[in-house]
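Given next are the chains, with one letter for each unit.
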Amino acid sequence: MGFFRKTKDIITLFHKASSPGSKRVTALLKQVQVEASESNTRSEFDLEVTELPPTIDQVKTILDYVGQTGISSVIKGATTENEALQKFKQSADSFQKPLVVDWANGKAHAGENESEILKMLNALPKK
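The following paragraphs examine the structure supplied in this document. Note that this is a predicted model, so its numbers are computed, not measured. (Residues numbered from 1 in each chain as written. Predicted model: local features only at pLDDT ≥ 70, side-chain atom pairs only at ≥ 80, totals over all residues. Heavy atoms only, no water.)

Here we take up the nonpolar core. Val59, Ile62, Leu63, Val74, Ile75, Phe95 and Leu99 are the most contacted members of the largest nonpolar core, which has 17 residues in total. Only α2 (56–66), α3 (71–74), α4 (81–90), β3 (99–102) and β4 (107–110) provide two or more residues apiece to this core. Looking at this core element by element, the count peaks at four residues for α2. (Core = buried A, V, L, I, M, F, W, Y, C linked by side-chain atoms within 4.5 Å. Buried < 20%, exposed > 50% of the residue type's maximum accessible area, 1.4 Å probe, protein only. Helix = DSSP H or I, 4+ residues; strand = E, 2+ residues; numbered from the N terminus.)

Dropping the structure here:
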């Protein structure tokens, strides 16, 4: 009987290198990733940091994750999903960074609130 290791969840950070807040979020995620690999208290994850804008499909998924109340935190000036998609298609700069996404567990957080990001990471399923 063989045992299969659970694949690590992928956490994506949509990053803006010129933003001090985005740099803090990057440092936090890297620190938590190292801590997770060194202990059994937290689930390990793979971290993907990108300065590229998300695809339109990724934006739709992220909007689903944050729900109606979170749309304006993802797309600047938008209040509905249709408005958000329209604004994003017009300018990818309307996408707010930093934004952290847990694709496997359907969660996203826009902004640099460390306690909210840690709450998301602490909710990752244990190994």
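Before going further, it helps to examine helix α5 (residues 114–122). For α5, the full list of buried residues reads Ile117, Met120 and Leu121. Each buried residue of α5 sits inside an arc of 95 degrees when the element is viewed along its axis, so together they form one side. Its buried side turned inward, α5 meets β1 (9–14), α1 (20–38), β2 (45–50), β3 and β4. (Arc of directions from axis to C-beta. Contact = heavy atoms within 4.5 Å.)

Further remarks concern the side chain of histidine 15. Considering the arrangement of structural elements, one finds histidine 15 in the loop between β1 and α1. Judged by relative accessible area, histidine 15 falls into the buried class, the value being 10%. Of note is the side chain of histidine 15, whose polar atom sits 2.6 Å from the side chain of serine 22. Histidine 15 has contacts with Ser22, Lys23, Thr26, Val49, Thr50, Glu51 and Lys97, leaving out every residue within four places of it along the chain. (Polar contact = N/O pair within 3.5 Å; in protein donor to acceptor, adjacent residues only side chain to side chain.)

A few words now on the sheet that holds β1. Picture the strands of a sheet paired through backbone hydrogen bonds; they go either parallel or antiparallel. Pairing is mixed in the open sheet, where four strands are placed in the order β2-β1-β3-β4. A strand with exactly one partner marks an edge of an open sheet, and here the two such strands are β2 and β4. Each neighbouring strand pair of the sheet contributes to a mean axis angle of 15 degrees, computed without reference to strand direction. Taken together, the six bridges between β1 and β2 define a ladder with parallel strand orientation. Each residue of the ladder has a partner; that of phenylalanine 14, found in β2, is threonine 50. Docked against the sheet, α1 engages β1, β2 and β3, running at close to 160 degrees with respect to β2. (Pairing = 2+ DSSP bridges. Axes fitted to C-alpha atoms, helices over the stretch in contact; angles between N-to-C directions.)

Here we take up the packing of α2 against α4. As a packed pair, α2 and α4 sit with axes 11 Å apart at the nearest point and diverge in direction by 150 degrees. Classed by the angle they form, the pair α2 and α4 counts as roughly antiparallel. Considering how the two elements wind past one another, α2 and α4 form a crossing that is right-handed. Each of Ile56, Val59, Lys60, Leu63 and Asp64 in α2 lies in contact with α4, whose residues at this interface are Glu81, Ala84, Leu85, Phe88 and Lys89. (Parallel < 35°, antiparallel > 145°, perpendicular 65-115°, else oblique. Left-handed = near helix turned anticlockwise from the far one by under 90°.)

Scanning the model with the defined rule gives three aromatic pairs in all. Geometrically, the ring pair formed by phenylalanine 88 and phenylalanine 95 is edge-to-face, given 6.3 Å between the ring centres and 70 degrees between the ring planes. The class of phenylalanine 95 is buried, set by a relative accessible area of 4%. Every member of this aromatic cluster is reached through a ring pair, and the members are Phe14, Phe88 and Phe95. (Phe/Tyr/Trp six-rings, centres within 6.5 Å; stacked < 30°, edge-to-face > 60°.)

Moving on, we come to α4. Within α4, the full set of buried residues consists of Ala84, Leu85 and Phe88. The buried residues of α4 all sit within an arc of 95 degrees when viewed along its axis, so they share a single face. In α4, the exposed residues that point more than 90 degrees away from the buried face are Asn82 and Gln90. Against the buried residues of α4 lie α2 and α3.

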